[in-house]
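# Structural description and commentary
One letter stands for each residue in the lines below.
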Amino acid sequence: MATEKKDYDKPVPLIEKWSQPFWDSIKTHRPLIRKCKNGHVNFPYTALCGRCGSHEHQWVPLSGKGTIFSFAIYYQLWHSGWKDDVPYNAVLVELDEGIQVPGDVVGIKNEEIDVGMRVEMTFDDVTPEVTIWHFQPLEPLQFAAHPLGRRYRYEDRPKPRDSAVSATMRGR
Amino acid sequence: MSLRDLKDKVCIVGVGDTPQGAFPDKTGDDLAAEAFSNALADCGLKREEIDALFVQTSWGGQGDYRNVGLTLGVQPKVGGAASRQHATGCYLIQQAALLLNAGMANYAAVVYGTNQRSNRNLFAAAPSELHAAYGIFNPSWEWVFYYRRYMYLYGTDESLLGQIAVHQRKYARMNPKAVQRRPLTMEDYLSSRYVQWPLHMYDYAYITDGGHCFILTTAERAKDLKKPPIYIMGMGTNEVLPSLELYDVHLRRSIHEPSGKMAMEMGGVSHKDIDALYVMESYTPGVIAGLENYGFCREGEALSWIANGRIDIGGELPVNINGGETSETYMVGWQNTCDAVRQLRNEAQERSRQIPNAEVIMCTYMATYFEHAGCLILRR
């Protein structure tokens, strides 16, 4: 990802005591995930396993692969960091390890994103301290089995006659 | 003692509201005080008789317990300020009911006032720093992702949300209290701008200033007051502490469903006993969750279920016939319970909007950042 690092003006994730090893691993582009001694995947990170209370854990490799659970296309500008990006996408991805993480999809048009699409993490060193992930579709495109076999996609949407992006919710 | 013993023990005896809209000269606490005075007049109690006070901490830092108490001229023995985000009204009514039933106080006031429109609250907070990193902002976020997933699972399109927005506007047009009363057609809806696709601007609560107040007491004491008491038949709650792991919940059902079941079990009622439903929606997908997750129809069936006037006055289950938060006012459910009480008293100002013979009404409340769900079942 070619991001202009110097003036990165989007918020960056907050790194805390228990999540430090996770963010360190993201920074090396070889993500790790914490598992407790009973095999539960811990995310987010707190002192104890949220499922069983175990405080013994180890860090194991995270596949970075997952399936798009849902997504949205943001027309509204909530933060100036996205002023050149609207409409931009945001996704929730169910990683194969069974946790859900937010992210965004790069490398394809918003119109091509769909629920059930298989994606994998790609890494972006946005500041000297912090690396974040984006998601890119697995090649060739793959989709989880669809329960109904029909889809309503972003490109099927009605086209608003006023597509201008308003900076606030007011003035309806 | 089980929750069932609480059935019909506590009543809403007074309701008060203010005009809704933009009131730049008033603070949120001023609006709470105005609603409180109106609620006192409604039930005939004196200010000094109120000995319990519950306050919704509102977005933007208003609703400080002490300040509100002093503004209202109340010296409570017990109470507090709390936030369960969109579900606070329900939470506070339940806290007041428990405390009154226990005999800790005699008359409780539950108040909320906000000038969120005039103070230009942009509702731009993110659910977490990680979400903020990807531009996920605004309390609507979960409903946007909810509905996009729903579309995938059940093959619906935006017009389902449009039907809800148009339905609510239709009743707002009959409701003088509603802030949005211009006609809205499906064509207007589909051609309106997106805020976060798949949600259009008409899917969003219309931000307003305003205040609401309820006065509660025990069924025993309620008999001596001005208006017929509205009994709390059932109340239910459920909450899940927010964590990133939470978001794999299936269309948020596991959050909402237990609160409805608890209330129905307490009241000893089933869905067919309920004459009307008010859903604290804030965003139109909430109405789908209100119908499906509270068990009025099966998941994925809302589209066919609401057809043929089923949710209109005269239909099987009138829903949000005050106009909802997209058209009446964004008072996070307080306006719903207020309208429910008036409907049960047969007091709807506009007779065309009165549900004939409404005896039992359910109000559901669903929060987002803080995963709290609440349910009230009221009867006359």
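Residues numbered from 1 in each chain as written. Chains lettered and ligands numbered in written order. Predicted model: local features only at pLDDT ≥ 70, side-chain atom pairs only at ≥ 80, totals over all residues. Heavy atoms only, no water.

### Comments concerning the domain arrangement of chain A
All names here are of chain A. Domain parsing of chain A yields domain 1 (11-62) and domain 2 (63-146). Of note, the centres of domain 1 and domain 2, computed from C-alpha atoms alone, are 21 Å apart. Residue-level contacts link 15 residues of domain 1 with 20 residues of domain 2. The contact between domain 1 and domain 2 buries some 1400 Å² in all, and 77% of this surface belongs to carbon and sulfur atoms. Among the residues domain 1 hides against domain 2, the three largest losses belong to K27, H29 and L62. Together they make up 36% of the total. The interface formed by domain 1 and domain 2 holds zero salt bridges in total. Taken together, domain 1 and domain 2 are joined by three residue pairs in polar contact (both at pLDDT 80 or more). With four residues, the top contributor of residues to the side of domain 1 that touches domain 2 is helix 1 (residues 20-27). (Domains from an automatic or database assignment. Contact = heavy atoms within 4.5 Å. Buried area = accessible area lost by both parts, 1.4 Å probe. Salt bridge = Lys/Arg side-chain N within 4 Å of Asp/Glu carboxyl O. Polar contact = N/O pair within 3.5 Å; in protein donor to acceptor, adjacent residues only side chain to side chain. Helix = DSSP H or I, 4+ residues; strand = E, 2+ residues; numbered from the N terminus.)

### Some details on the environment of B:M331
Residues and elements named next belong to chain B. Among the secondary structure elements, M331 is positioned in the loop between helix 12 (324-327) and helix 13 (334-344). Considering only alpha carbons, one finds M331 and T208, 123 residues apart in sequence, at a separation of 7.6 Å. When near neighbours in sequence (up to four residues on either side) are disregarded, M331 contacts Q20, Y112, T114, Q116, T208, D209, G210, G211, H212 and E325.

### Considerations on helix 9 (residues 253-267) of chain B
All names here are of chain B. Here helix 9 spans 21 Å end to end across 15 residues, near enough to the 21 Å set by a 1.5 Å rise per residue. Residues I255, H256, S259, G260, A263, M264, M266 and G267 constitute the buried set of helix 9. The arc that holds the buried residues of helix 9, viewed along the axis, is 165 degrees, so those residues lie on one side. Turned more than 90 degrees off the buried face of helix 9, the exposed positions are K261 and E265. The secondary structure elements touched by the buried residues of helix 9 are helix 5 (141-154), strand 8 (230-240), helix 10 (285-292), strand 10 (360-366) and strand 11 (371-379). (Expected span 1.5 Å × (residues − 1). Buried < 20%, exposed > 50% of the residue type's maximum accessible area, 1.4 Å probe, protein only. Arc of directions from axis to C-beta.)

### Quick word on the interface of chain B and chain A
With 53 residues of chain B at the contact, the number on the chain A side is 58 residues. Buried area between chain B and chain A, both sides added, is near 5000 Å², and the carbon and sulfur share of it is 61%. Along the contact surface separating chain B from chain A lie one salt bridge. With a shortest N-O distance of 3.2 Å, A:D114 and B:R148 are connected by a salt bridge. Within the residue set of the side of chain B that touches chain A, elements represented by two or more residues are helix 4 (129-132), helix 5, helix 7 (186-190) and strand 5 (194-197) of chain B. For the side of chain B that touches chain A, the leading source of residues is helix 5 of chain B, giving nine residues. A per-class count over the side of chain B that touches chain A returns 28 nonpolar, 13 polar and 12 charged. (Nonpolar A, V, L, I, M, F, W, Y, C, P; charged D, E, K, R; others polar.)

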